[in-house]
Amino acid sequence: MDIIPGPGLFPAHRCKTIHVVGFLSSLSNYLLLTLVVRHAQGVHNVEGDKNYKAYLSPEYFDAELTPLGWQQVDNLRKHVVASGLLERVDLVITSPLMRTLQTAVGVFGGGSYTDRVDGLPLMVANAGNSGRGAISSFNSPPIIAAELCREHFGVHPCDQRRSISDYQFLFPAIDFSLIETDEDTVWKADVRETTEELAARGLKFLKWLWTRTEKEIAIVTHSGFLFHTLNAFGSDCHPLVKKEICKRFSNCELRSMVIVDRGMMGSDSSTTNYPGKIPSGPDLPSDPGS
């Protein structure tokens, strides 16, 4: 079978990490566990789910979460804590829009903030009209913002971000250093990014993940980005697995995915492989079948 360059992607519950002793080769070096999360309900979703044209309303510029959305965040946080996922996550990567930033800090943050004890908060009180207290960065995995995992660029005001300097005030402990411009230069009022362009950006984002040293990463992003990116995967799987990969995400839904390096994208050597023959010496004759 020809090796298909680029990443492969599979539902995590359908994968196993194996350590084969004999010619000891660990596959874990070629796997990246990714927790994929769509943001909770935003104010734009309420009307937009009824009438798609509502997404064109300037009223929904950089839409924040609804009170129901925050309830969804609270419930997902309970799940990631109870399941042990929160302790395993090495890094959180979020789209730099209000609704994804709020979801990321609400789910993976450190809980209530105590001034002068916890360092900088992940979110200040009432950020994005949340009605919520400040959220601590204590015991939270690092959270970084990345433009590559944003929703479709252009036309819809809900998908336009505010300035990074504004976000840095509202989310002091989030790392925005990967974003090159303070203002949103990729969003155009009259040009909507095509689905093909979005899918190509999604693949670029997944390839970028392999430049990270972390092995368990949570991504907080958007419905359109996820649908068009994940739709590129699963063609080599059973049709039901393909359907499982590509199914549209509900608000605040989390799925565990394994990204597999099938094209030698990664350059790190294995941390678990063992070369054998230590100490070395002449091999003794083997019994038949051994």
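In this report, we go over the structure that sits alongside the text. (Residues numbered from 1 in each chain as written. Predicted model: local features only at pLDDT ≥ 70, side-chain atom pairs only at ≥ 80, totals over all residues. Heavy atoms only, no water.)

The geometry of helix α2 (residues 67-82) relative to helix α4 (residues 98-108) is characterised by a closest axis approach of 8 Å and an angle of 40° between their N-to-C directions. In terms of their interaxial angle, α2 and α4 are classed as oblique. Crossing handedness for the pair α2 and α4: right-handed. On α4, the residues touching Trp 70, Val 73, Leu 76, Arg 77 and Val 80 of α2 are Gln 102, Thr 103, Gly 106, Val 107 and Phe 108. Of the residues assigned to the contact of α2 with α4, the class counts are 6 nonpolar, 3 polar and 1 charged. (Axes fitted to C-alpha atoms, helices over the stretch in contact; angles between N-to-C directions. Helix = DSSP H or I, 4+ residues; strand = E, 2+ residues; numbered from the N terminus. Parallel < 35°, antiparallel > 145°, perpendicular 65-115°, else oblique. Left-handed = near helix turned anticlockwise from the far one by under 90°. Contact = heavy atoms within 4.5 Å. Nonpolar A, V, L, I, M, F, W, Y, C, P; charged D, E, K, R; others polar.)

This paragraph deals with empty space enclosed by the protein. Per the counting criterion, the structure on display carries 1 cavity of 30 Å³ or more. Estimated volume of the largest cavity: approximately 90 Å³. Taken together, 13 residues make up the lining of the largest cavity; nearest its centre are Val 36, Leu 206, Ile 219, Leu 226 and Leu 230. Contributions of two or more residues to the lining of the largest cavity are made by β4 (31-38), α6 (195-209), β7 (216-221), α7 (223-230) and β8 (254-261). Here the element with the most residues in the lining of the largest cavity is α7; it accounts for 4 residues. Here the residues of the lining of the largest cavity are counted per class, giving 10 nonpolar, 3 polar and no charged. (1 Å grid on protein atoms, 1.4 Å probe; cavity = no way out; pocket = protein on both sides within 12 Å on 5 of 7 lines; lining within 4 Å. Points joined across faces, edges and corners; volume = space filled by probe spheres on them.)

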